[in-house]
Amino acid sequence: MKHYAILSVSLAFLLGFSNFAYADALGPIPSDQTADVPDSIPDDEIADELDAELPIALSPQELTAFALYESMMNIVNAKINASSCFIMRGKYQISLFTVGVAGQRRQNNRVAAQLPGHTVNLHAFPDHEITELGSGISVNHARLITSFDYESINKYRARYTFDPTGTTISMTGNLELRDYYSVTHIFNTLGTTNFNRINSNEIQEEYATNTGWGMSSVSGLEYPHSKYWERIKFQRHSNDRARTILVRDLLTLPTSCRITIDTMGYNNTGYISQQGHITIGTAIPGDTVSEFNQ
């Protein structure tokens, strides 16, 4: 079996990001070959060439998992902002299942995390159609209230949009939560993440390591509250050795905070089913992410 890797080479910012492109110098066509060059190329052939040069970086399941994990990160960031990283520090269970297909039962694209005091459940809804401009996924909070489980999230909604290759991902969202004093906090979230793929002849559907970098923010109604640097690693494998890691580092000094999602399980051509933990601690951005070296 063969393996391939997709390496991230760009860091995305909230209001925009810069792209760098490289091109080889093209020499003149020899005179004895000019007669073989057609005047025009049919549109379908151009599309075929673009498909070959711009393969999908992330699978539909991985795009959906990314949206769900990102949304859970947004809720954790908002809860930290409403209290503090010190109060939220700890290790909490998280589980995810997604098929990445539109029109499924809500349970087929969901994530759940046992955060302090209550369990947060999120459901994803991929678009039914993929256009030439890309696709999108909506994520909503599933409000499950019982007499034994305090629910601090009043609402959460986010929208993720992807370019046709799945390499550039933008996020906007809003949420309301109540703290332990029943004070309601309203937040907006923004984010941009880039994945990049190096062309390969290896089989990407079954084996891959995809990495990405990005930025995200949590803002109040009037001003930004906190900005985070994000790093992501998808290890795709057809058996239970697959692993997904997301790390967010708070960039607002002098405080420090790191949130890590680390899950393991299945990531294959049909679905992703993984379990693991959300860890909240006081690392700084320059500290080593040991999970990336495992």
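A quick note: this is a predicted structure, and the numbers were derived from the prediction, not measured. (Residues numbered from 1 in each chain as written. Predicted model: local features only at pLDDT ≥ 70, side-chain atom pairs only at ≥ 80, totals over all residues. Heavy atoms only, no water.)

## As for the overall build of the chain
Link 1 in the chain: Helices and strands together make up the secondary structure of the chain, namely three helices and 12 strands.
Link 2 in the chain: For the chain, the proportion of its 294 residues judged to be buried stands at 47%.
Link 3 in the chain: Pairs at least 24 apart in sequence give 60% of the contacts found in the chain among residues at least 6 apart.
Link 4 in the chain: Within the structure as shown, the chain displays about 15,600 Å² of accessible surface, and the carbon and sulfur contribution to it stands at 54%. (Helix = DSSP H or I, 4+ residues; strand = E, 2+ residues; numbered from the N terminus. Buried < 20%, exposed > 50% of the residue type's maximum accessible area, 1.4 Å probe, protein only. Contact = heavy atoms within 4.5 Å. Areas by Shrake-Rupley, 256 points an atom, 1.4 Å probe, with all protein chains shown as cover.)

## Side note on the state of the cysteines
Link 1 in the chain: Under the counting rule described, the total for this entry stands at one disulfide.
Link 2 in the chain: There is a disulfide in this structure between Cys-85 and Cys-257, and the S-S distance comes to 2.1 Å. Its torsion about the S-S bond being 80°, the disulfide of Cys-85 and Cys-257 is classed as right-handed. A residue pair is termed long-range when its members are at least 10 positions apart, and Cys-85 in helix 3 (residues 85–88) and Cys-257 in the loop between strand 10 (224–250) and strand 11 (258–267) qualify at 172 residues.
Link 3 in the chain: According to the relative accessible area criterion, Cys-85 is buried, its value standing at 9%. (Disulfide = S-S within 2.5 Å.)

## Structural notes on the nonpolar core
Link 1 in the chain: Counting residues in hydrophobic clusters, the biggest one holds 51 residues, and the most contacted among them are Tyr-160, Ile-278 and Ile-280.
Link 2 in the chain: Considering every element that reaches this core, the biggest residue donor is helix 2 (residues 60–82), with 13 residues.
Link 3 in the chain: If we ignore the near neighbours within four places in the chain, the residues touching Tyr-160 are Phe-66, Ala-67, Glu-70, Ser-71, Asn-74, Ser-135, Gly-136, Ile-137, Val-139, Ile-169, Ser-170 and Met-171. (Core = buried A, V, L, I, M, F, W, Y, C linked by side-chain atoms within 4.5 Å.)

## Quick word on the packing of aromatic side chains
Link 1 in the chain: The tally for this structure, following the rule as stated, stands at six aromatic pairs.
Link 2 in the chain: Arranged with centres 6.4 Å apart and planes meeting at 80°, the rings of Phe-66 and Tyr-160 form a pair that is edge-to-face. Of this pair, Phe-66 sits in helix 2 while Tyr-160 sits in strand 6 (residues 153–162); the two residues are 94 residues apart in sequence, bridging distant segments of the chain.
Link 3 in the chain: Assessed through its relative accessible area of 1%, Phe-66 is described here as buried.
Link 4 in the chain: Residue classification places Tyr-160 among the buried positions, given a relative accessible area of 0%.
Link 5 in the chain: Both rings, one in Phe-195 and one in Phe-234, keep their centres 6.5 Å apart while their planes meet at 45°; by these two values the pair is tilted. A residue pair is termed long-range when its members are at least 10 positions apart, and Phe-195 in strand 8 (residues 184–195) and Phe-234 in strand 10 qualify at 39 residues.
Link 6 in the chain: Assessed through its relative accessible area of 2%, Phe-195 is described here as buried.
Link 7 in the chain: One aromatic cluster is present, formed by Phe-66, Tyr-160, Phe-195 and Phe-234 through successive ring pairs. (Phe/Tyr/Trp six-rings, centres within 6.5 Å; stacked < 30°, edge-to-face > 60°.)

## Some points on the pattern of salt bridges
Link 1 in the chain: For the structure on display, the rule yields seven salt bridges.
Link 2 in the chain: When the shortest N-O distance is used, the salt bridge between Asp-262 and Arg-243 registers 2.6 Å. Of this pair, Asp-262 sits in strand 11 while Arg-243 is found in strand 10, placing the two residues 19 residues apart along the sequence. Exposure class is identical for Asp-262 and Arg-243. Each is buried. (Salt bridge = Lys/Arg side-chain N within 4 Å of Asp/Glu carboxyl O.)

Distances and angles like these do not, on their own, reveal function.
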